[in-house]
Amino acid sequence: MPEIFQYDFMIRAFLAGILIALIAPTIGTFLVVRRYSLMSDTLAHVSLVGVAIGVLLGLHPVLTAAGVTVLAALAMERLRRDHELFGESILALFLSGSLAIASVLLSFAHGWNMNLLSLLFGSISTVQTADLWVMGVLGFAVLGSIILFYKEFFLISFNEELAEASGLNVRGLNMLLVMFAAVTVAIAMRIVGILLIGALMVIPVMTAMLYRRSFQVTMMLAVGFSLAAVLAGITVSYYADLVSGGTIVVIALLVFFVSLGFNRRVRGSGVS
């Protein structure tokens, strides 16, 4: 057995990483198609408020982050639907506002510490058994719901007017989708980090879209690229003693640029 699998914390890190790699690009595909890619970054910054609340109250940070991000996601969607505000403006409002609130709350918690930094940038050694259970329950609930409502999410992502005309509850489905994005951000904190989860939700999807396949195939390709980046990133971060989140995102970026060059060469040679 390779050395890396002789440690319980590495097994937990790989299990958590696989779960995140499955969920992040799945949700990200719907967000990218809707041109709502910055939603993941905004929710990631909002989750820092939840972490700060967890630090202050002595609660599990994943649970408090999930609660706060879900509430924020619902608030953003309601502002977008009911008050006819531009989506980019709403995202900017919540992104900057959440950072300000988090900084104030963290000042009461006597500033930053290494555990908090691991949540910001990811750390494979911080995934505990309790974290894995929380991530597993929330993660499989999200995946199961996406499978159940796949057709509905697909339709509202491409044409809300057609979906509404078909009798779908577009408002409720939009709320559900942003809630799933919020939960995904919260459960990815330990491995990828708050500041980098947005990249894992978007970069593999962008890479998959370079291949110009159907929506379903694009989603599967995105999950494949995400799995490759997460598994390789965790392995490299262990042996090279690097931050896991940054390593995962760097590998995802490398895969994107390799795919970009490959697709340009294929199109340049006239191969379909």
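The rules behind each value
Residues numbered from 1 in each chain as written. Predicted model: local features only at pLDDT ≥ 70, side-chain atom pairs only at ≥ 80, totals over all residues. Heavy atoms only, no water. Phe/Tyr/Trp six-rings, centres within 6.5 Å; stacked < 30°, edge-to-face > 60°. Buried < 20%, exposed > 50% of the residue type's maximum accessible area, 1.4 Å probe, protein only. Helix = DSSP H or I, 4+ residues; strand = E, 2+ residues; numbered from the N terminus. Contact = heavy atoms within 4.5 Å. Axes fitted to C-alpha atoms, helices over the stretch in contact; angles between N-to-C directions. Parallel < 35°, antiparallel > 145°, perpendicular 65-115°, else oblique.

### A word on the packing of aromatic side chains
Enumeration according to the criterion identifies 14 aromatic pairs in this entry. Considering the side-chain rings of Phe149 and Phe153, the 6.2 Å spacing of their centres and the 55 degrees angle between planes classify their relative orientation as tilted. An angle of 75 degrees between the planes, with centres 5.2 Å apart, marks the rings of Phe256 and Phe257 as edge-to-face. Judged by relative accessible area, which is 14%, Phe256 ranks as buried. Given a relative accessible area of 52%, Phe257 falls into the exposed group.

### Thoughts on the environment of Ser259
Locating Ser259 in the fold gives a position in helix H12 (residues 244-268). Residue Ser259 is classed as buried on the basis of its relative accessible area, which comes to 3%. Beyond its immediate sequence surroundings of up to four residues, Ser259 is in contact with Thr207, Leu210, Tyr211 and Phe225.

### A few points about the side chain of Thr26
With respect to the element layout, Thr26 can be found in helix H1 (residues 8-33). Overall, Thr26 belongs to the buried group, its relative accessible area being 7%.

### Considering the packing of helix H7 (residues 150-158) against helix H9 (residues 170-187)
It is the contact of H7 with H9, at a shortest axis distance of 10 Å, that shows an interaxial angle of 100 degrees. The orientation of H7 with respect to H9, classified from their angle, is roughly perpendicular. Facing H7, whose interface residues are Glu152, Phe153 and Ile156, H9 presents Val170, Leu173, Asn174, Leu176, Leu177 and Phe180.

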